[in-house]
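Topology and contacts: notes
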Amino acid sequence: MSTVTLPSPDEEIWRYSRIAELDLDAFALRSTAATVEGWRGETDGAAASEPPTDVFAELNAAHGDVVALRIPAGAVVTDPIEVVWNAPDDGAVVYPRLVVEAGAGSQVTVVERFASDDVLALVVPVTELHTGDGANLRYVAVNQLGSRAWQIAHQVARGGRDSTSLLATVALGGYYARVRTDARLDGIGATGDQIAAYFGEGDQMHDFRTLQDHAAPKTTSNLLFKGAVEDHARSVYTGLIRVRKNAPGTNAFQTNRNLKLSEGAWADSVPNLEIENNDVRCSHASAVGPIDADQRFYLESRGVPPETADRLIVLGFFDEVLDRLPAPHLVPELRRAIAAKLDRKRLP
């Protein structure tokens, strides 16, 4: 790995990141086999044709362990398909690759989990999501990595004519966990939404880069990312809505909200617009701040103790995202994981 040149925080797309701390030579290549549940079809096959965008995608293309799910046109998969990747041991680097091709008119929900024990591992996943004309593809990524693990993930989504896609991420684990999402709507009338919930504690950092790329007329995207940081944790959200010249009638919205639960925690939010057509409706909004004092006062005035009030407010804050997850069986588990983080809060 010593011949690989890593990016620098001086590059805009890696600004705010911890990439300067990463020593790729400290990790040895390991293979990781995914567990796939809820799907009886084939899972083997070459990766789809999306070209690598950076050195990590190139490494994944060269070394990736591939799971390919090809949903036939018109098929309706009623139960979620779950793909689970585990980082195997201390000092391992793994390159999971999931390709989902939802044929025209099909419907499917896919859950992808990343998990590890308390090991120093590097997980570099690439996920390709191709939603055919009139198809409905719902995807959930769940980061349950140990507190010493690194994750540098890339999600690539493409939406055909009149397609509907939802990309959801829940990030709770990792020392440094980065997810870059490039979602392009190629077909007329396509809809592509993105939601995320993330919670950092200790010295964790969650880093998100999103692109809502409107490349066809009458396309719609709506993004809602909500995060919390406590102790000395950090989060970064950088998002771009791009509306191309050939995309009149676009509707695109982007919202990022962050709760800062400790004085030493920090959250950055950088929304952006790049609009090349006048016939659009676009907006972006971001906020970083402590728990709302009026909400706390309302609960305390009704006899709720301060710590319990804060807990209820934070759990309610995340419900707006969790309630939209297309895999309802995950929600109780994820609520418990968020509550456990609140119970472990170390610093005021």
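Residues numbered from 1 in each chain as written. Predicted model: local features only at pLDDT ≥ 70, side-chain atom pairs only at ≥ 80, totals over all residues. Heavy atoms only, no water.

**As for the packing of helix α3 (residues 306-322) against helix α4 (residues 331-343)**
Closest axis-to-axis distance for the α3/α4 pair is 11 Å, and the angle between their directions is 145 degrees. Seen from above, α3 lies across α4 with right-handed handedness. In this structure, α3 uses Arg311, Val314, Leu315, Phe318, Asp319 and Leu322 to contact α4, whose residues at the interface are Val331, Leu334, Arg335, Ile338, Ala339, Leu342 and Asp343. A per-class count over the contact of α3 with α4 returns nine nonpolar, no polar and four charged. (Axes fitted to C-alpha atoms, helices over the stretch in contact; angles between N-to-C directions. Helix = DSSP H or I, 4+ residues; strand = E, 2+ residues; numbered from the N terminus. Left-handed = near helix turned anticlockwise from the far one by under 90°. Contact = heavy atoms within 4.5 Å. Nonpolar A, V, L, I, M, F, W, Y, C, P; charged D, E, K, R; others polar.)

**Focus: the sheet that holds strand β16 (residues 220-229)**
Sheet architecture is open: nine strands sit in the order β2-β4-β7-β10-β12-β14-β16-β18-β20, paired in mixed fashion. Lying at the two open borders of the sheet, with one neighbouring strand each, are β2 (35-37) and β20 (280-289). With direction set aside, neighbouring strand axes in the sheet form an average angle of 10 degrees. Here strand β18 (residues 250-260) pairs with β20 via 10 bridges, running parallel. The residue bridging Gln254 from the neighbouring strand is His284, located in β20. Sitting on the sheet, α3 is in contact with β14 (191-200), β16 and β18, with an inclination near 160 degrees to β16. Sheet contacts for α4: β7 (107-115), β10 (136-144), β12 (164-171) and β14; angle to β14, the most-contacted strand, approximately 35 degrees. (Pairing = 2+ DSSP bridges.)

**Description of helix α1 (residues 55-63)**
For α1, the set of buried residues is Val55, Phe56, Ala57, Leu59 and Asn60. Taken together, the buried residues of α1 touch β6 (96-102), β9 (126-131) and β11 (150-159). The backbone nitrogen of Phe56 has a side-chain oxygen 3.1 Å away, supplied by the residue at the start of α1, namely Asp54. (Buried < 20%, exposed > 50% of the residue type's maximum accessible area, 1.4 Å probe, protein only. Polar contact = N/O pair within 3.5 Å; in protein donor to acceptor, adjacent residues only side chain to side chain.)

**What to know about the pairing of strand β13 (residues 176-185)**
Within β13, nine of the 10 residues are buried, which leaves the element mostly enclosed by the surrounding structure. With 10 bridges joining them, β11 and β13 adopt parallel strand pairing. If you follow Gln155 over to β13, its bridge partner there is Thr181. Inspection of the sheet shows β13 paired to strand β15 (residues 205-214) by 10 bridges, in the parallel sense. Residue pairing across strands places Arg184 opposite Asp213, the latter belonging to β15.

**Here's the deal with the environment of Val111**
Topologically, Val111 is positioned in strand β7. Its relative accessible area of 0% is what places Val111 among the buried residues. Separated by 27 residues in the primary sequence, Val111 and Val84 have C-alpha atoms spaced 8.2 Å apart. Aside from chain neighbours lying at most four places away, what touches Val111 is Pro80, Ile81, Glu82, Val83, Val140, Val142, Ala327 and Leu330.

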